Amino acid sequence: MRLDYLTIFPDYLAPLQLSLPGKAVASGLLDVHVHDLRQWTHDRHRTVDDTPYGGGAGMVLKPEPFGEAFDDLFAGGGLEGATVVVTTPSGEPFTQELARELATRERLVFACGRYEGIDQRVLDHARTLIEVREVSIGDYVLNGGEVAALAITEAVVRLLPGFMGNAASLVEESHEGGLLEHPVYTKPASWRGHDVPPVLLSGDHGAIAAWRHEQAVRRTAERRPDLAHPSQVLDGVEVRLAQ
Ligand code: ADE
């Protein structure tokens, strides 16, 4: 998968060279390109923003640098199987489902917003050529879209075949299957007066699976009633859930 990032703070994306994404880069699974948006400016001050039409606080990222950046990035083709991801607090929510969808793409181009956002025409124009997704990683406002792009990248690339050592751990974790993950324990069996639930030491795989499922349902109902499905049953009693 090829990953491009358009940003006015390329240093923010240095973590891409670390940890799991870094290993995937080294092994050739990922082809990562971070671009300084200012390379597509032509004035002495390398201006990327301007005041909003209609007034209001803050600055808006100008259309021309992004427009020229897309022209250059897609000059040699590569639009097929590519998606532009615009990180913005006003985007659609980023979910595990969207991560799975983006993991099927051959190329992702992240456009990282700053300030009050990107001139809308950048997105309107790009949409005439390519799929564009405006994506938010949560109901809070960051200083810019770089951290959001990193979060989305990590969630997507770990789903790529050959990325994770243990495919089973992908299936068992939170948000796969619509439930939060059950609590987990390791040795020692007793620690500071807290014991591992005895069922996990029983060797009874059926009982362990049932206990884990019950814990996952209970957690989801308590912490994320918006996620839990009304048909999920706990201890023979339907858990009361928000619709
Ligand atoms: N940029 C600023 N806040 C953001 C958020 N919550 N999600 C995505 N991009 C952002």
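What counts, and at which threshold
Residues numbered from 1 in each chain as written. Predicted model: local features only at pLDDT ≥ 70, side-chain atom pairs only at ≥ 80, totals over all residues. UniProt positions renumbered as here; feature names shortened; annotations may be inferred. Buried ≥ 20, exposed ≤ 12 C-beta atoms within 10 Å, placed from the backbone. Contact = placed C-beta atoms within 7 Å. Helix = DSSP H or I, 4+ residues; strand = E, 2+ residues; numbered from the N terminus. Near = placed C-beta within 6 Å. Nonpolar A, V, L, I, M, F, W, Y, C, P; charged D, E, K, R; others polar. Pairing = 2+ DSSP bridges. Axes fitted to C-alpha atoms, helices over the stretch in contact; angles between N-to-C directions. pLDDT = per-residue confidence, 0-100. Right-handed = clockwise from strand over helix to strand, strands pointing away. Core = buried A, V, L, I, M, F, W, Y, C linked by C-beta atoms within 7 Å. Expected span 1.5 Å × (residues − 1).

Student: I'm lost on the UniProt feature "binding site: S-adenosyl-L-methionine" (unreviewed entry) in the chain in this one. Help?
Tutor: On the UniProt side, "binding site: S-adenosyl-L-methionine" (unreviewed entry) is annotated at positions that read Gly113, Ile137, Gly138, Asp139, Tyr140, Val141 and Leu142 here. You can call glycine 113 buried: it has 26 C-beta atoms within 10 Å. For glycine 113, the residues in contact, after removing those within four places along its chain, are Leu61, Val86, Thr87, Thr88, Ile118, Gly144 and Gly145. Within the fold, isoleucine 137 resides in the loop between β7 (131–136) and α5 (146–157). When the 21 C-beta atoms within 10 Å are taken as the criterion, isoleucine 137 is described as buried. Residue contacts for isoleucine 137: discarding those within four places in its chain leaves Phe94, Ala148, Ala151 and Ile152.

Student: I tried to follow the site of the ligand on my own but got confused; where do I start?
Tutor: Close to the ligand lie 13 residues; Thr87, Pro89, Ser136, Leu142 and Ala148 are nearest. Here the shell around the ligand gets 3 residues from one element, more than from any other, and that element is strand β5 (residues 82–93). Taken together, the residues that form the shell around the ligand break down as 6 nonpolar, 7 polar and no charged.

Student: Is there a simple way to explain the environment of alanine 189 in this structure?
Tutor: With respect to the helices, strands and loops of the structure, alanine 189 is situated in the loop between α6 (167–172) and β8 (190–191). Classification of alanine 189 as exposed rests on a count of 11 C-beta atoms within 10 Å. With 159 residues separating them in the primary sequence, alanine 189 and leucine 30 have C-alpha atoms 41 Å apart.

Student: How do you make sense of the sheet that holds β5 when you look at a structure like this?
Tutor: Two pairing modes exist for strands in a sheet, parallel and antiparallel, and in both the strands are linked by backbone hydrogen bonds. Within the open sheet, the 5 strands sit side by side as β2-β1-β6-β5-β7. Their pairing is parallel. Edge positions in the sheet fall to β2 (31–36) and β7, since each has one partner strand and no second. For this sheet, the mean angle separating the axes of adjacent strands, direction not counted, is 25°. Looking at chain direction, strand β1 (residues 2–7) and strand β6 (residues 107–112) are connected through 5 bridges and run parallel. If you follow arginine 2 over to β6, its bridge partner there is arginine 107. Packed on one face of the sheet, helix α4 (residues 120–127) meets β5 and β7 and runs near 140° to β7.

Student: Just checking my understanding: could you explain the confidence of the model for the chain for this structure?
Tutor: If pLDDT is low for a region, its predicted coordinates should not be looked at in detail. Here the chain averages 91 in pLDDT, and 91% of its residues register 70 or above. We note a pTM of 0.91 for the whole complex and an ipTM of 0.98 for its interfaces.

Student: Explanation requested: the pairing of β5 in the structure shown.
Tutor: Looking along a regular strand, one sees the side chains alternate between the two faces of the sheet. Strand direction decides the pairing type here: β5 and β6, joined by 6 bridges, are parallel. Residue pairing for β6: threonine 83 is matched across the bridge by leucine 108. Between β5 and its parallel partner β6, the chain crosses via helix α3 (residues 96–102), and the hand of that crossover is right-handed. As defined by bridge partners, β5 adjoins β7 across 7 bridges and the pair is classed as parallel. By the bridge assignment, valine 84 is partnered in β7 with valine 132.

Student: I tried to follow the nonpolar core on my own but got confused; where do I start?
Tutor: Note on soluble globular proteins: their nonpolar side chains tend to be buried together. Tyr5, Leu6, Phe66, Phe110, Ala111 and Ile152 are the most contacted members of the largest nonpolar core, which totals 39 residues. Those elements that place two or more of their residues in this core are β1, β4 (60–61), α2 (63–73), β5, β6 and α5. Sort the elements by how many residues they give to this core and α5 lands first, with 6 residues. If sequence neighbours within four positions are ignored, leucine 6 has contacts with His35, Leu37, Phe66, Ala69, Phe110, Ala111 and Cys112. Counting residues in each nonpolar core, the second largest holds 6 residues, with Leu180, Ala216, Ala221 and Ala228 among its members.

Student: Please clarify how α5 should be interpreted in this entry.
Tutor: Residues spaced three or four apart along an α-helix face the same direction, because each turn holds 3.6 residues. Helix length check: α5, at 12 residues, gives a terminal C-alpha distance of 16 Å against a target of 16 Å (1.5 Å per residue), a fit within 8%. Taken as a whole, α5 has its buried residues at Glu146, Ala148, Ala149, Leu150, Ile152, Thr153, Val156 and Val157.

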